[in-house]
Every structure is written in C-alpha cells, then in structure tokens.
Amino acid sequence: MKIEMGESLMQSYLKYEKGSLITQTNWKTSSSWTIENDSYEKVEYVFNKIQTHKDFSDVFKKSSLEQVLKQAEIDVVGIDKGKVYFVEVAFHENGLQYGGRLETKDRVCKKLLRAYLIGLSYFPEYSYEIIFASPKVNKATDDTIRDYFFVLNSDFSDDEKVKFEYIANDEFKKKVLIPTLISSSADADTSELFLRSAKLLDIFNLLKFDDDTLSFLPVSDISELSDASKETLQNSVSPTPQNYTGNTVIEFRPASEGQFRRLLLLKKCARRTWVYKDGKTRTEVWDAHNFTESSNLKGNIQSTNHWRSRKETGLVKVILEIL
C-alpha cells in the first residue's frame, strides 16, 4: 500500500500534536458495516441539505448517498476521546490544483462534506474536526477556498459538533510541520514514514530545533557541498534568528498541545510563566475552571493584557505547565 509523505506527516500531526490515540492512513469504509436507523435519518437529512445548497449542490453531482458512502476513502483518520479527526491532504509542488480554481474548490469541499457524512454514519456519538491541509496553495485558489470554509462552518457546524479547518501555506509550516517535528523529536517511534525521514536528517545533524523554530544544515556545515548546492541552500534557507524579533512563543508542558488540553480539562489548574527578553519572568497560577472542550487554548492566552502588550514589554515566551 502506497503511503504519501503528506499523509504520513498528517498522521504524525494527529498523534503528536492533536493527541489522537488511534490513527490510520488511507481509511476506507466497509460494505459489511451497518448504519443505525436514527443515524441514517440524520445522514440522509444532511445529504439532502448538501444537494440543495446553493454553493454545494454540484459537489456530488448525480451520486446517490449509498454511492458517496461506499466510495469513501479518507487520507488520515484519528480517534481521540469523544472526537474523530478526518484529514484530507494534498501536496502539489506547483500549488494545489484540481483543474480550475472553482473546480479545485468543489473537489476540496466534496472531500470534506463526504467525511462529515461518514462521521455521522459510523461515529454518530462523536464530534468531528474535518481538516484539509496543503503546504502550497496559490493566492487566488487560497482566497476562494477560505471563503467556502466560512460557509461550511456557518451552515454545517451542527451546534459546534463539527469544525471544518483549512491549513495551507505558511500556516501549514507553523501549525503542522514544525510543531510535529518538535513534539515528536523526543520519541523513538520511527514506524511512520515522515518521522523516519526526520530521524535520518537528525542523524547527520541536519535538523536543529530552537523552541518553535526549525532550521536546516548550518552554513558552517556545507563546505563539502557543490557550489550549485551551496547557492541553492543559502538562497532557500534562512538562518535561525538568535536575537529577539518580536515573535512570542507559547510553550506547553507536557509538550503536546492536545495532551496539555486534556490535562487542563481534568485538573482545571496550570502555571503560567511570562518570560521577557531582559531575563525577567512573571509567574502566576491559572484558574481554568471556566475552560471547556470548546475553548480556544491559545486564544485564551492571546486575549490577556500580557500578550497584547508583548511588543512594548519584550515578551518572548509564555510557558504553560500543568500543576
């Protein structure tokens, strides 16, 4: 079975960043599975809603609900306590493209709406996070897709049971690639293709981690490369910044954001340490009794006065630690 690098990366992302207990690539439905009557009524209702929706009526064309469910194949599925992650990932070197801009939008929305129907059919008691991820999407296509993700979340959120998320371009690097490499760096598990490739680079000291920053092959180590390779490398990789640049890091302890969230919901208490560029720190206890499953963890931090005034005060890091 062929495993794409993008699928392997997203599997590692679900495991190490989202905290999924079970993950699988190239997930398919089975004709032997049955759908409970109550669930099927809900699935049928949502399918008809899609078929008559002004923006999505063409995504399934003339396919029946049975055909949509039977033909389903999802790139990566992750299961956590009470939540299922459905991920579709596309890695096109020249930028995401399934034909024209609108056709690409339709293909993306088809994948996500089909995943929603699958969730309602076979995981009716769970909530869903349905993700489309791509490292490179050209601006016109990116703008179009983002507009329709707003519609997806507005019209199919099902009282916040489902969340549609779009991760692309620089956000892909910041939310998926670098956090996954960092959070998995301490593990010895190399069963996943993406992690094996990262371990290979690490063996030869070609990867360097510095908080939430990742750099490749320091310039001092490239003396044996050809002139053409040196030029390509130096033009494409910027050195890791050593001085304060105004970027503020949020660090979790334990390092996995998903694991931190679960422990915070359980213990309702954490320590927050604000670290400034002059070396000073400020520590406080965070009473998180109002924090719920639907709360935005990073958004909670970023809504504080400490964070909002970070440029003036020189805040470089926030450390969140479960007590």
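Just above, that's the structure.
This write-up is about the structure you can find in this document. (Residues numbered from 1 in each chain as written. Predicted model: local features only at pLDDT ≥ 70, side-chain atom pairs only at ≥ 80, totals over all residues. Heavy atoms only, no water.)

## Quick look at the sheet that holds strand β10 (residues 281-287)
Applied cut-off: Any two strands with at least two DSSP-identified bridges between them are counted as paired. Per the convention used, a helix needs a DSSP run of H or I reaching at least four residues, while a strand needs a run of E reaching at least two, with both numbered from the N terminus. Angles here are taken between N-to-C directions and fall from 0 to 180 degrees, while the axes themselves are lines fitted to C-alpha atoms, restricted in helices to the stretch in contact. By the convention used here, residues are in contact when the closest approach between their heavy atoms is within 4.5 Å.
As summarised here, the arrangement of the four strands in space is β8-β11-β9-β10, forming an open sheet in which the pairing is mixed. At either end of the open sheet lies a strand with only one pairing partner, and these are β8 (249-253) and β10. In this sheet, neighbouring strand axes are inclined to one another by 20 degrees on average, regardless of whether the strands run parallel or antiparallel. Across the face of the sheet, helix α9 (residues 257-267) comes into contact with β8, β9 (269-276), β10 and β11 (315-322) while running at roughly 55 degrees to β11.

## Section: the pairing of strand β3 (residues 83-89)
Let me state the cut-off plainly: Only protein chains enter the area calculation, which uses a 1.4 Å probe; residues under 20% of their type maximum are buried, those over 50% are exposed, and those in between are partly exposed. The handedness rule is simple: strands pointing away from the viewer, and a clockwise path from the first strand over the helix to the second, make the crossover right-handed.
Across the seven residues of β3, six count as buried, placing the element largely inside the fold. By the bridge criterion, five bridges tie strand β2 (residues 73-80) to β3 in an arrangement that is antiparallel. Opposite G78, over in β3, you have Y85 as the bridge partner. The hairpin turn running from β2 into β3, its antiparallel successor, is two residues long, and G82 in that turn takes a positive phi close to 85 degrees. Where β3 and strand β4 (residues 127-134) come together, seven bridges link them in parallel fashion. If you follow F86 over to β4, its bridge partner there is I130. Regarding topology, helix α4 (residues 101-122) serves as the crossover connection from β3 to the parallel β4, and that connection is right-handed.

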